[in-house]
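A look at the structure
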Amino acid sequence: MSGPLIVLVGPMGVGKSTVGELLAERLGTTYRDTDADVVAAAGKAIAEIFFDEGEEHFRELERRAVRDAVDQHTGVLALGGGAVLDAKTRALLAGRPVAYLAMDVEEAVRRVGLNTARPLLAVNPRRQWRELMDARRHLYEEVARTTVATDESTPEEVAQAVLDALELPEPEPVASGRENTPMTEQATTRISIAGTAGTEPYEVLVGRRLLGELPHLIGDRAKRVAVLHPEALAGTGEAVREDLAAQGYEAIAIQLPNAEEAKTAEVAAYCWKALGQTGFTRSDVIVGVGGGATTDVAGFVAASWLRGVRWIAVPTTVLGMVDAAVGGKTGINTAEGKNLVGAFHPPAGVLCDLAALDSLPVHDYVSGLAEVIKAGFIADPVILDLVEADPQAARTPAGPHTAELIERSIRVKAEVVSGDLKESGPREVLNYGHTLGHAIEKNERYKWRHGAAVSVGMVFAAELGRLAGRLDDATADRHRAVLESVGLPLTYRGDQWPRLLENMKVDKKSRGDLLRFVVLDGIGRPTVLEGPDPAVLLAAYGEVSA
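Let me sum up the structure you'll find in this document. Predicted model, so just to flag it, every value in this text is computed and none were measured. (Residues numbered from 1 in each chain as written. Predicted model: local features only at pLDDT ≥ 70, side-chain atom pairs only at ≥ 80, totals over all residues. Heavy atoms only, no water.)

1. Here's the deal with the overall build of the protein chain
Worth spelling out the cut-off: Secondary structure follows DSSP: runs of H or I at least 4 residues long count as helices, runs of E at least 2 residues long count as strands, and numbering of each begins at the N terminus. When accessible area is computed with a 1.4 Å probe and restricted to protein chains, residues below 20% of their type maximum are described as buried, those above 50% as exposed, and intermediate ones as partly exposed. Note on definitions: a residue-residue contact is assigned when non-hydrogen atoms from the two residues lie within 4.5 Å. Each accessible area is a Shrake-Rupley result for a 1.4 Å probe, and residues are judged covered by the shown protein chains and nothing else.
A tally of helices and strands in the protein chain yields 22 helices and 16 strands. For the protein chain, the proportion of its 546 residues judged to be buried stands at 55%. The contacts in the protein chain between residues at least 6 apart in sequence include a share of 74% that link residues at least 24 apart. Of the accessible surface of the protein chain, which amounts to about 22,900 Å², a share of 50% is contributed by carbon and sulfur atoms.

Below is the structure:
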């Protein structure tokens, strides 16, 4: 019987997504969630479907999503909490490797508080949760080949218990290593970004030949799709538009200027005019195809049109994949600084097609590595080890660790933004090297590549940390060695300090007249340094002055 390797069922909040992703990673396969499929098809959150169309309509969407997923998916599949209510679904699951993840009400209270926006738990959540479980427990047990209690267990322990109970061995590691696997044979990786502050969760897909996923993300509810692309990718943008038109959407292409020249109020207004003339509604979707500047504009236009429409990012550069397209920070520049006008508006999905990197100019590719290396210093030292092992290979998309470097960098950002969407706290650490970096970009009228400026900014931040007594000499020196090894700059013009200092005073992290810098207490230990002594700042800049 073909179909999923594992199907996970169980109540809301039991951890099906977390356990499912762990299982997929261990089995070397992909993860799919039918709730996410329903949201994509409907173009709205599950709670909104319940409110607007009622539970019966939601169950019909869910029934179709389960049928399609069981028929098409060959990895790990998680079903919504109420999917087993449908007799046809239960019949479809008969004889399949289904694991029921169980928990009691006290564990549910501990995990989700039973106070979040759950459409079936609106009045007395504890009592209603018990009633739901009384009605569904026997159905979970009916379809399940095994039951795994999750109380007082870590997700890793639950995943292992599922593997053991279903007698599914983890694949043996290949002796020659992942680096010898042809890129075209690597499976698509799905990285989940948790929803926060009323936003929906979404996935970042990393792999090749991913454009076929676009219609799935856009969903059936959308009638119109606007493909925003830079002038340099006119052919690609038109090809995407034609493909979507062939799928039955009213698709238009909106061409933007290249790079940072696209990030202006005038360009945003041009996009708004095009959407207005096309009759774009709140159920329609924007797709941003290009580098970080393009996805910044696409997301901002989506956030501002009709107070928010869905959008999908298709980044085509390293920088776009690991930074700009993940996390929902969208924006445009003004004469006073970079990204000073914007909104937090997460995408409905991100498609990181590694094939797009094959034709990327080497300087653009290397520029994106600055954000990859940044992720290594603030959270994942394995990234640094991989770059140091073969710097020349790291400079090219044909290198053996390209996919892993990008995936690791995305996971670093995913973990941070899942807990802090609006940069109210921990998310600030992602700006390591950016305070001076943005000041340099503005000073150069955005003619410098973002990664080059951030590279200098990271060296400056390392020296600032060292002079402030926060960072050891070896780690500060390692910044220079790693960045230089891939060809990124380490210095900037020494006579520009007064202008850079003025630019930094309007940085988004500043509070009043108080300058704030992300520095390190060690690798993987970022912190914020507030109001450093001006003499220390000047001394740190002296270390990066050409």
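What follows picks up the thread again.
2. Comments concerning the sheet that holds strand S6 (residues 189-193)
In plain terms, the rule: Pairing between strands is defined by DSSP: at least two bridges between the two strands are required. Note on definitions: angles span 0 to 180 degrees between N-to-C directions of axes, and those axes are lines fitted to C-alpha atoms, for helices only across the stretch in contact.
Taken in spatial order, the seven strands make up an open sheet running S6-S7-S14-S11-S10-S8-S9, and their pairing is mixed. Looking along the sheet, the strands with just one partner apiece sit at the ends: S6 and strand S9 (250-256). With direction set aside, neighbouring strand axes in the sheet form an average angle of 15 degrees. With seven bridges connecting them, strand S8 (residues 224-230) and S9 associate as parallel partners.

3. Describing the sheet that holds strand S2 (residues 31-33)
Across the sheet, five strands lie side by side as S2-S3-S1-S4-S5; this open sheet has parallel pairing. The open sheet has two edge strands with one neighbour each: S2 and strand S5 (146-149). Recorded for the sheet is a direction-independent mean angle of 25 degrees between the axes of neighbouring strands.

4. Observations regarding the pairing of S5
Where burial is concerned, the two faces of S5 differ: the one with Thr146 and Val148 is buried and the one with Thr147 and Ala149 is not. Sheet analysis places strand S4 (residues 98-102) next to S5, joined by four bridges and oriented parallel. Bridged to Ala102 within S5 is Ala149.

5. Observations regarding the side chain of Thr34
Its location among the elements puts Thr34 in helix H2 (residues 34-42). What makes Thr34 buried here is its relative accessible area of 0%. The residues touching Thr34, leaving out its near neighbours within four places in the chain, are Ala65, Val66, Ala69, Leu77, Ala78, Leu79 and Gly80.

6. Overview of the packing of helix H18 (residues 434-443) against helix H21 (residues 497-504)
The criterion, for reference: By the definition adopted for this analysis, an angle is roughly parallel if under 35 degrees, roughly antiparallel if over 145, roughly perpendicular if from 65 to 115, and oblique otherwise. When the near helix sits turned anticlockwise from the far one by under a right angle, the crossing is termed left-handed; a clockwise turn instead gives a right-handed crossing.
In the contact formed by H18 and H21, the axes pass within 9 Å of each other and the chain directions differ by 115 degrees. The angle between H18 and H21 places the two elements in the roughly perpendicular class. Taken as a pair, H18 and H21 cross one another with a handedness that is right-handed. Of the residues in H21, those in contact with Thr435, Leu436, Ala439, Ile440, Lys442 and Asn443 of H18 are Arg499, Leu500, Asn503 and Met504.

7. Details of the environment of Leu354
Among the secondary structure elements, Leu354 is positioned in the loop between strand S14 (349-353) and helix H14 (362-378). Note on Leu354: relative accessible area 3%, which makes it buried. When the C-alpha atoms of Leu354 and Gly207 are compared, they prove to be 5.8 Å apart, with 147 residues separating the residues in sequence.

8. Side note on the packing of aromatic side chains
Definition in use: Two aromatic rings from Phe, Tyr or Trp, using only the six-membered ring of Trp, form a pair when their centres are within 6.5 Å; if the ring planes differ by under 30 degrees the pair is stacked, by over 60 it is edge-to-face, and anything between is tilted.
Under the defined criterion, the tally for this structure stands at six aromatic pairs. Aromatic pair Trp272 and Phe300: ring centres 6.3 Å apart, planes at 50 degrees, arrangement tilted. One end of the pair, Trp272, is in helix H11 (residues 265-278); the other, Phe300, is in helix H12 (residues 292-304), and 28 residues separate them in sequence. Residue classification places Trp272 among the partly exposed positions, given a relative accessible area of 29%. Relative to Trp497, the ring of Phe460 lies with its centre 6.1 Å away and its plane at 45 degrees, an arrangement referred to as tilted.

9. Points about unusual backbone geometry
We note that Arg209 has phi near 55 degrees; this positive angle belongs to a residue other than glycine. By the element assignment, Arg209 lies in the loop between strand S7 (202-207) and helix H9 (214-218). Its relative accessible area of 78% is what places Arg209 among the exposed residues. One non-glycine residue, Arg307, lies in the positive phi region at around 60 degrees. Position of Arg307 among the secondary structure elements: in the loop between H12 and strand S11 (310-315).

10. Here we look at helix H3 (residues 46-53)
What counts here: Note: the arc covers the axis-to-C-beta directions of the helix.
Of the positions making up H3, those classed as buried are Ile46, Ile49 and Phe50. Buried residues of H3, seen end-on, are gathered within an arc of 100 degrees and therefore sit on one face of the element. Among the structural elements, H2 and helix H4 (55-72) are those in contact with the buried residues of H3. At the exit of H3 stands Gly54, carrying a positive phi of roughly 95 degrees.

11. Some words on the environment of Pro155
For Pro155, the position within the fold is in helix H8 (residues 155-166). Considering only alpha carbons, one finds Pro155 and Leu23, 132 residues apart in sequence, at a separation of 9.8 Å. Ignoring sequence-local partners within four residues, the contact set of Pro155 consists of Thr18, Val19 and Leu22.

12. Topic: a nonpolar patch on the surface
Selection criterion: Patches here are clusters of residues that have more than 30% relative accessible area and form no salt bridge, with a 9 Å joining cutoff for like charges and a 5 Å cutoff for nonpolar side chains (Val, Leu, Ile, Met, Phe, Trp, Tyr). Between Lys or Arg on one side and Asp or Glu on the other, a salt bridge is scored when a side-chain nitrogen of the former is within 4 Å of a carboxyl oxygen of the latter.
Together, Leu340, Val341 and Val506 line one region of the surface with nonpolar side chains, adding up to about 200 Å² of accessible area. Positionally, Val341 belongs in strand S13 (residues 337-344). Residue classification places Val341 among the partly exposed residues on the basis of a relative accessible area of 34%.

13. Some points on the pairing of S8
Condition: Think of it like this: strands point away, you trace from the first strand over the helix to the second, and a clockwise trace means the crossover is right-handed.
With respect to burial, S8 is a largely interior element, seven of its seven residues being buried. Judged by which residues are buried, S8 turns out to be covered on both faces: Arg224, Ala226, Leu228 and Pro230 on one side and Val225, Val227 and His229 on the other are all buried. Note on the crossover from S8 through helix H10 (residues 234-246) to S9: the handedness is right-handed. Summarising the sheet, S8 and strand S10 (residues 285-290) pair through four bridges and their orientation is parallel. Residue pairing across strands places Val225 opposite Val285, the latter belonging to S10.

14. Details of the pattern of salt bridges
Enumeration over the complete set of coordinates arrives at 35 salt bridges. Between Arg63 and Glu60 there is a salt bridge, and its shortest N-O distance comes to 2.1 Å. Highlighted residues: Arg63 and Glu60, both in helix H4, separated by three residues, approximately one helical turn. Relative accessible area serves as the criterion here: at 27%, Arg63 is assigned to the partly exposed category.

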